[in-house]
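Structural overview
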Amino acid sequence: MVRTREFDTEAAVSRAMELFWSRGYEATSVRDLTRHLGIGQGSLYAAFGDKDGVYRAALEHYRATLAAAALESLKRGGDARSAVRTLLVERLRIAVTEGGRGCLAVNAVCERLPGDAATGRIVRDMQDASQDALAEVLRTAAERGELAAEQDPRTLAAFLVTFLNGLLVSAKLTPDARALEPLVEVALATLG
């Protein structure tokens, strides 16, 4: 007879995400995961295959929750400058919490690439979605005359994603939003 899973997989993935986010992939052992999730090693392997499977599930959860919420807030923003400022500042404030844990996706790139193609695909998808959402906001702003005519919304979006990635790495070194927020204004100056 097949045993049914005795734990909430979604809650376990959320808890695993938090553990990987605070400690990183390499510093998190299977034993750490089973302890933190309150499940046995067999249950972990049955549900996720291996540590990499848990990690990918955690990254997917991050994309479906926090990253998706950031993109939704961008779409709800008023003028482009305010919407982009809100996105950048909110992501920065999340990154400086807990002593500067950064961004799970950026941390994954720094720790796992280029050797982990599966992680690379997940993070690339997140980055592409961010760039697409920003480009759409900026395209609409250009149509309303909020951007200088010579500004290319797609190039600006790529710059803003690149800037944000660097800002989130800096947040690990300087976990002080007040010290880093002035940089957001410099980036916003590119909008014209």
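Just above, that's the structure.
Residues numbered from 1 in each chain as written. Predicted model: local features only at pLDDT ≥ 70, side-chain atom pairs only at ≥ 80, totals over all residues. Heavy atoms only, no water.

Summing up its helical and strand segments, the protein has nine helices and zero strands in all. Counting only C-alpha atoms, the protein reaches 65 × 35 × 30 Å along its principal axes. Intrachain contacts of the protein at a sequence separation of at least 6 include 68% that bridge at least 24 residues. Taken together, the 24 basic and 26 acidic charged side chains of the protein have centroids lying 5 Å from each other. (Helix = DSSP H or I, 4+ residues; strand = E, 2+ residues; numbered from the N terminus. Contact = heavy atoms within 4.5 Å. Lys, Arg positive; Asp, Glu negative; His and termini not counted. Charge placed at Lys NZ, Arg CZ, Asp CG, Glu CD.)

What follows concerns the environment of R154. Structurally, the position occupied by R154 is in helix α8 (residues 153–173). When the C-alpha positions of R154 and V54 are compared, they lie 34 Å apart, and in sequence the two are 100 residues distant. Ignoring any residue separated from it by four or fewer positions in sequence, one finds R154 in contact with Q131, D132 and A135.

It is worth spelling out the environment of A189 at this point. Note on placement: A189 falls in the segment after α9 (177–188). On the basis of relative accessible area, A189 is assigned to the exposed category, the value being 53%. Note: C-alpha distance between A189 and R81 (108 residues apart in sequence) is 9.2 Å. (Buried < 20%, exposed > 50% of the residue type's maximum accessible area, 1.4 Å probe, protein only.)

Take the packing of helix α4 (residues 51–76) against helix α5 (residues 80–100) next. Two elements in contact, α4 and α5, have axes whose closest approach is 8 Å; the angle formed by their N-to-C orientations is 150 degrees. If you check the angle between α4 and α5, you find them roughly antiparallel. Between α4, through Y62, L66, A70, S73 and L74, and α5, the contact on the second element is made entirely by A83, V84, L87, E90 and R91. Residues belonging to the contact of α4 with α5 are distributed by class as follows: seven nonpolar, one polar and two charged. (Axes fitted to C-alpha atoms, helices over the stretch in contact; angles between N-to-C directions. Parallel < 35°, antiparallel > 145°, perpendicular 65-115°, else oblique. Nonpolar A, V, L, I, M, F, W, Y, C, P; charged D, E, K, R; others polar.)

Bringing the packing of aromatic side chains into the picture now. This structure, assessed with the given rule, holds five aromatic pairs. A ring pair is formed by W21 and Y62, whose centres lie 5.2 Å apart and whose planes are at 90 degrees; its orientation type is edge-to-face. Of this pair, W21 sits in helix α1 (residues 9–23) while Y62 is found in helix α4, placing the two residues 41 residues apart along the sequence. Note on F159 and F163: the rings are 6.3 Å apart at their centroids and 25 degrees apart in plane angle, and the pair reads as stacked. Placement of both F159 and F163 in helix α8 is noted, with a separation of four residues, approximately one turn of the helix. Taken together, the ring pairs in this structure connect F20, Y25 and Y55 into an aromatic cluster. If you follow R101 out to its NZ or CZ, it ends over the ring of W21, 3.4 Å from the centre. Here the guanidinium or amino end of R112 rests over the ring plane of Y25, the centre of that ring lying 3.7 Å away. (Phe/Tyr/Trp six-rings, centres within 6.5 Å; stacked < 30°, edge-to-face > 60°. Lys NZ or Arg CZ within 6 Å of the ring centre and 35° of its normal.)

Following the criterion strictly, the structure yields 15 salt bridges and no others. When the shortest N-O distance is used, the salt bridge between D32 and R23 registers 3.1 Å. What makes D32 buried here is its relative accessible area of 17%. Across the salt bridge formed by R112 and D52, the nearest N and O atoms sit 3.8 Å from each other. Here the residue R112 occupies a position in helix α6 (residues 104–112), and D52 occupies one in helix α4, the gap between them amounting to 60 residues. When its relative accessible area of 16% is taken as the criterion, R112 is described as buried. Residues joined by salt bridges that share partners form a network here, namely E26, D52, R112 and D116. (Salt bridge = Lys/Arg side-chain N within 4 Å of Asp/Glu carboxyl O.)

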